[in-house]
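# Structural characterization, general
So the chains spell out like this:
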Amino acid sequence: MADKAQDDRIDARDQGRDAVVCPEDRDRVALYGLLASGLQGPVGQDWLDVVSGLSGGGDDLADAIAGLASAAAQADPESLGRNYHDLFIGVGRGELVPYGSYYLTGFLNEKPLALLRQDMRRLGIERDPDVKEPEDHIAALCQMMAGLIEGDFGDGVPATSSRFFRAHLASWAPYFFKDLAATGAGAVYPALGRLGQVFIDLEEHADALFEQRRGAV
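Here the structure is a predicted model, which is why all the values come from computation and not from measurement.

### So, the overall build of the protein chain
For the protein chain, the count of helices and strands is eleven helices and zero strands. Along the protein chain, helices and strands appear, N-terminal first, in the series α-α-α-α-α-α-α-α-α-α-α. Summed over its atoms, the accessible surface of the protein chain is roughly 10600 Å², and 50% of this surface lies on carbon and sulfur atoms.

Below, the structure written as structure tokens:
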């Protein structure tokens, strides 16, 4: 994402918006949705077909998208199902534990999850009763971020999604995506990890600029 795009996004945040999502934020929603859909469970052929058709430009984010597209074009759902099991389920436990509480405390269902649930109630985000995993799963948090940016949850004020990002993703998602990028489980999941690394880094940079500008007002 170029600096100009970041500046445009910050301007949109400063001005506020009523159910109007600027193009840069629509891109953010799409990227959060892509990460969520790729990590919430084993993906199918439809997901691979869509992702393999993605293209990028010349920056780090575009390169990461192109790398994921290339990996998806050569993958098959059966092998990815095995990769997902080895990474996140395993025998007793997978290679990675994709929960905020675990990354922040070393244990599941700890204080970070309780704080997330408080914010979810405040923002009107309801847990899907069919989902058994704790709400601080990386895929669920990416879905929440997409909904907050788009205005499906919360008050639609950009500062709300900014606070949520800092409280529930910025503190641990970079480490998770770094670990995912370093795995040897096929090509798709490391490529998702690389995309997550680049995207969250850009989100952190843009959020810091946003906070600086708000503080200067």
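### Thoughts on the pattern of salt bridges
For the structure on display, the rule yields eight salt bridges. Arg82 serves as the salt-bridge partner of Glu78, at 3.4 Å between the closest nitrogen and oxygen. Here the residue Glu78 and the residue Arg82 both occupy positions in helix 5 (residues 77-89), the gap between them amounting to four residues, near one helical turn. We classify Arg82 as partly exposed; its relative accessible area is 47%. The shortest N-O distance in the salt bridge between Arg117 and Glu135 comes to 2.9 Å. Here Glu135 lies in the loop between helix 7 (111-123) and helix 8 (138-150) and Arg117 lies in helix 7, a separation of 18 residues in the sequence. Under the relative-accessibility criterion, Arg117 is labelled partly exposed at 32%. Of the residues examined, Glu135 reaches a relative accessible area of 10% and is grouped as buried. Linked by salt bridges that have partners in common, Asp25, Arg28 and Glu203 make up one network.

### Section: the environment of Asn83
By the secondary structure assignment, Asn83 is in helix 5. Between the alpha carbons of Asn83 and Ala185 there is a distance of 5.4 Å; along the sequence they are 102 residues apart.

### Things to note about the nonpolar core
Ranked by internal contacts, the top residues of the largest apolar core, which has 57 residues, are Tyr32, Leu39 and Leu180. With ten residues, the top contributor of residues to this core is helix 8. When sequence neighbours within four positions are dropped, the list of residues in contact with Leu39 reads Tyr84, Phe88, His137, Ile138, Ala139, Phe176, Phe177, Leu180, Tyr189 and Leu192.

### Some details on a negative patch on the surface
A contiguous patch of negative charge on the surface is contributed by Asp59, Asp60, Asp63, Asp201 and Glu204. Among the secondary structure elements, those contributing two or more residues to the negative patch are helix 4 (60-73) and helix 11 (188-216). As for its position among the elements, Asp59 is in the loop between helix 3 (45-52) and helix 4.

### Examining the environment of Glu204
Counting through the fold element by element, Glu204 comes out in helix 11. The class for Glu204 is partly exposed, based on a relative accessible area of 30%. Residue contacts for Glu204: discarding those within four places in its chain leaves Phe165, Ala170 and Pro174.

### Considering helix 8
Here helix 8 is 13 residues long and its end C-alpha atoms lie 18 Å apart, about the 18 Å a rise of 1.5 Å per residue gives. Along helix 8, eleven of the 13 residues are buried, which leaves the element largely enclosed by surrounding structure. Every buried residue of helix 8 is accounted for by Ile138, Ala139, Ala140, Leu141, Cys142, Met144, Met145, Ala146, Gly147, Leu148 and Ile149. Immediately beyond the C-terminal end of helix 8, within one or two residues, lies Gly151, with a positive phi of roughly 95 degrees.

### Quick look at the environment of Ala159
With respect to the secondary-structure elements, Ala159 resides in helix 9 (residues 158-168). Overall, the relative accessible area of 9% leaves Ala159 in the buried class. Separated by 51 residues in sequence, Ala159 and Phe210 have C-alpha atoms that sit 8.8 Å apart.

Reading guide: rules and limits
- Residues numbered from 1 in each chain as written.
- Predicted model: local features only at pLDDT ≥ 70, side-chain atom pairs only at ≥ 80, totals over all residues.
- Heavy atoms only, no water.
- Helix = DSSP H or I, 4+ residues; strand = E, 2+ residues; numbered from the N terminus.
- Areas by Shrake-Rupley, 256 points an atom, 1.4 Å probe, with all protein chains shown as cover.
- Salt bridge = Lys/Arg side-chain N within 4 Å of Asp/Glu carboxyl O.
- Buried < 20%, exposed > 50% of the residue type's maximum accessible area, 1.4 Å probe, protein only.
- Core = buried A, V, L, I, M, F, W, Y, C linked by side-chain atoms within 4.5 Å.
- Contact = heavy atoms within 4.5 Å.
- Patch = residues over 30% accessible without salt bridge, like charges linked within 9 Å, V, L, I, M, F, W, Y side chains within 5 Å.
- Lys, Arg positive; Asp, Glu negative; His and termini not counted.
- Charge placed at Lys NZ, Arg CZ, Asp CG, Glu CD.
- Expected span 1.5 Å × (residues − 1).

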